[in-house]
Amino acid sequence: MDSLSADSYASFPLTLFDRLFERTTFLTGWLVEGTIDTDALATALSGVTKKWRMLSGRLESMQDEDDATQWRIKIPLGEIPESYKTFSLTTSTSEFPLSHYVNYPLPLVSPSLPHALFIHPSTPRQYTLWESASHPLTCWQVTHLPADASGKQHTCIGFARSHGIFDGIGAAAIMRALVSEMKGEEWSAPPLPSSGFSGNHLQETLEARIQAYKAQGGTAPKDYYGFVNLGVAGAVKEIAWHMRQRWWNGADRRILLLPKDVLSFLTKGVRAELSHSFEGSSATDVTTGDILVAWVLKTMYSRGTSPKSIIHCSNLASFRALLTEDDSSILQYPHNAFVPLPYPSMTVAQINAYPLHELSRILAASRATLGVSHLMSSYDALKSVTAFPASPAAHENMVVSNVSASRILESDWSSVGATRTVCGYRYQLTPNELLMTNTVYIAGRLDDGSVVLDVSLNKARMELLAKEVLTLKAASEQTNVAAA
């Protein structure tokens, strides 16, 4: 590849939104029934990465005019030699069947599978290693599990990539392309970029919008804690808090399944209360995601935390739609483009005092106010290397990410041998194995309508959430019996 001339490449710059995660590898895992045909998968991956040339690229760094390091993707444009890897695909066979790790069928609450089942140990976890190893940008691991006592086969499929290159929207776009390729269906790859150095259209559009906002007298929003510059001391304090949660308070990963009828019971109850208490859009604008976040907050802080403690929830949301007036192609932008929603910080006493429907309405109303001022605030904070999605005024910060709308969990692996997806898993892997706790990922839905919550919580909060899932299930079943 190095033998090609300079005009055989395009060089695309990443942004501050990407650099925030330069030391994080994001891993999505699928546990499926059946045996995956890795040759068929490799053929599909080859097709996707050669059609969508950015996926065949490599991460590279260079110094800008201010001697600051700028990270870019070097994208091959010409014919790709056979020796050049456009993706990484590794396979292994587990020593143990699925029953060694979890009960099957999965109960409502189960341990998260070890991430080693979904990723090869050589996969980089920081920018510098992606660059020094000239590693392909997308990494795929297939782990075959021995058949269980019933003879059923299971396979773990992992998709790893630098979180400093792709966000959840970008990863879902890659999966949609791959599924189409596996099925032999037509799909539209992004146009081939021009050779040489280019600008980043999202960054250019965002900066122009911020400049226009400032020219009109716009100012930073008050009491908004999106990405915040914590400073060195604040960053160390934040990391130490997560370490204490893991080693002292028993924080760990768990999967919680909300069955379809339980979710329906929860959301119908909230919407009935909203319709009774409020008129107009206050009731109809509340989404299932708003209700789930409010329910998680109320459950986690129902007991065991001082009523005076201030809690801040950072719910990460894409801001692409805010910029589409200037450039509609931004909706397909695959790199990081999200900020925390402008939720208010609350005391535990306030969280508990609000009825679930009222807290859901507050979160929905806050979500609807996301605008350019919030993007400006977060963008300015990201110019510091100690930026973080947290409020320095809060005693505790909780991070939520709702990727259910991307439908990445529902990716169809049947064309390469899967009969159904049993569950999905999400991991944020760092060089020092830091477990980010007080996090809740709304991962999506399974084929039976169950919603998967992938959570990292301390032992006490995990027990509160698990107990509430069982309580909801019992209440739902009672309601169904009464209705019958």
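See the structure above.
Remember, it's a predicted structure, so these values are computed and weren't measured experimentally.

Glancing now at the overall build of the chain. A tally of helices and strands in the chain yields 13 helices and 19 strands. For 484 residues, the compact-globule estimate of 2.2 N^0.38 gives 23 Å, and the chain sits close to it at 23 Å. Overall, the chain is about 70 × 65 × 45 Å in size when its C-alpha atoms are taken along their principal axes. Counting the 484 residues in the chain, one finds 54% classified as buried. Across the chain, contacts joining residues at least 24 apart in sequence account for 82% of those joining residues at least 6 apart. Just so you have it, the chain exposes about 21,200 Å², and 52% of that area is on carbon and sulfur atoms. The averaged location of the 46 negative side-chain charges in the chain is 6 Å from the averaged location of its 40 positive side-chain charges.

The next point concerns the pattern of salt bridges. A full pass over the atoms with the stated rule returns 14 salt bridges. Among the ionic pairs, R420 bridges to E33, the shortest N-O distance being 3.3 Å. Taken as a pair, R420 in strand β17 (residues 418–429) and E33 in strand β2 (residues 25–34) lie far apart in primary sequence, 387 residues in all. By relative accessible area, E33 is classed as buried at 9%.

Each turn of an α-helix holds 3.6 residues, which means side chains three or four residues apart point in the same direction. Spanning 15 residues, helix α5 (residues 201–215) covers 21 Å between terminal C-alpha atoms, matching the ideal 21 Å at 1.5 Å per step. Every buried residue of α5 is accounted for by L202, T205, L206, R209 and I210. The arc that holds every buried residue of α5, seen down its axis, measures 135°, which confines them to one face. Away from its buried face by more than 90 degrees, α5 exposes Q211 and A215. Packed against the buried residues of α5 are α1 (16–19) and α12 (372–381). The distance from a side-chain oxygen at the start of α5 to the backbone nitrogen of L202 is 3.0 Å, and the residue carrying that oxygen is N200. Looking at the residues trailing α5, positive phi occurs at G217, about 90°.

A word on the side chain of R461. With respect to the secondary-structure elements, R461 resides in helix α13 (residues 459–483). Under the relative-accessibility criterion, R461 is labelled buried at 6%. Among residues more than four places away in sequence, those in contact with R461 are M300, Y301, T305, E396 and N438.

The final tally for this structure, using the stated rule, is 11 aromatic pairs. Between F96 and Y101, the aromatic rings sit 6.4 Å apart at their centres with planes inclined by 85°, giving edge-to-face as the arrangement. Relative to F159, the ring of W140 has its centre 4.1 Å away and its plane inclined at 5°; by these criteria the two rings are stacked. Here F159 lies in strand β8 (residues 154–162) and W140 lies in strand β7 (residues 139–145), a separation of 19 residues in the sequence. Residue class for W140 comes out buried when judged on its relative accessible area of 2%. An aromatic cluster of at least three residues, connected via ring pairs, comprises F17, F319 and Y379. Taking the ring centre of F159 as reference, the NZ or CZ of R161 above it sits at 4.5 Å. Sitting over the face of the ring of Y441, R426 holds its NZ or CZ atom 4.4 Å from the ring centroid.

Strand order in the open sheet formed by five strands is β5-β7-β8-β2-β17, and the pairing between neighbours is mixed. Both outer strands of the open sheet, β5 (88–93) and β17, are each paired with one neighbouring strand and no more. Geometrically, the sheet is characterised by an average inter-axis angle of 15° between neighbouring strands, direction not taken into account. Bridge count between β2 and β8: nine bridges; the pairing is antiparallel. Opposite W30, over in β8, you have I157 as the bridge partner.

Along the chain, T38 turns up in helix α2 (residues 38–51). As for T38 and G417, which are separated by 379 residues in sequence, their C-alpha atoms are 9.2 Å apart.

Judged by pairing direction, the sheet is mixed, and its four strands sit side by side in the order β3-β4-β1-β9 without closing on themselves. Two strands lie at the open edges of the sheet, namely β3 (58–63) and β9 (196–197), each paired on one side alone. Where β3 lies against strand β4 (residues 69–76), six bridges are found, and the strand directions are antiparallel. Counted as the bridge partner of L59 is I73 from β4.

The geometry of helix α9 (residues 288–300) relative to α13 is characterised by a closest axis approach of 9 Å and an angle of 120° between their N-to-C directions. On the basis of the axis angle, α9 is oblique to α13. Classified by chirality, the crossing of α13 by α9 is right-handed. Residue-level contacts link W295, V296, T299 and M300 of α9 to R461, L464, L465, E468, V469 and L472 of α13. Tallied by class, residues from the contact of α9 with α13 come to seven nonpolar, one polar and two charged.

Calculation criteria
- Residues numbered from 1 in each chain as written.
- Predicted model: local features only at pLDDT ≥ 70, side-chain atom pairs only at ≥ 80, totals over all residues.
- Heavy atoms only, no water.
- Helix = DSSP H or I, 4+ residues; strand = E, 2+ residues; numbered from the N terminus.
- Rg over C-alpha atoms; globule rule 2.2 N^0.38 Å.
- Buried < 20%, exposed > 50% of the residue type's maximum accessible area, 1.4 Å probe, protein only.
- Contact = heavy atoms within 4.5 Å.
- Areas by Shrake-Rupley, 256 points an atom, 1.4 Å probe, with all protein chains shown as cover.
- Lys, Arg positive; Asp, Glu negative; His and termini not counted.
- Charge placed at Lys NZ, Arg CZ, Asp CG, Glu CD.
- Salt bridge = Lys/Arg side-chain N within 4 Å of Asp/Glu carboxyl O.
- Expected span 1.5 Å × (residues − 1).
- Arc of directions from axis to C-beta.
- Polar contact = N/O pair within 3.5 Å; in protein donor to acceptor, adjacent residues only side chain to side chain.
- Phe/Tyr/Trp six-rings, centres within 6.5 Å; stacked < 30°, edge-to-face > 60°.
- Lys NZ or Arg CZ within 6 Å of the ring centre and 35° of its normal.
- Pairing = 2+ DSSP bridges.
- Axes fitted to C-alpha atoms, helices over the stretch in contact; angles between N-to-C directions.
- Parallel < 35°, antiparallel > 145°, perpendicular 65-115°, else oblique.
- Left-handed = near helix turned anticlockwise from the far one by under 90°.
- Nonpolar A, V, L, I, M, F, W, Y, C, P; charged D, E, K, R; others polar.

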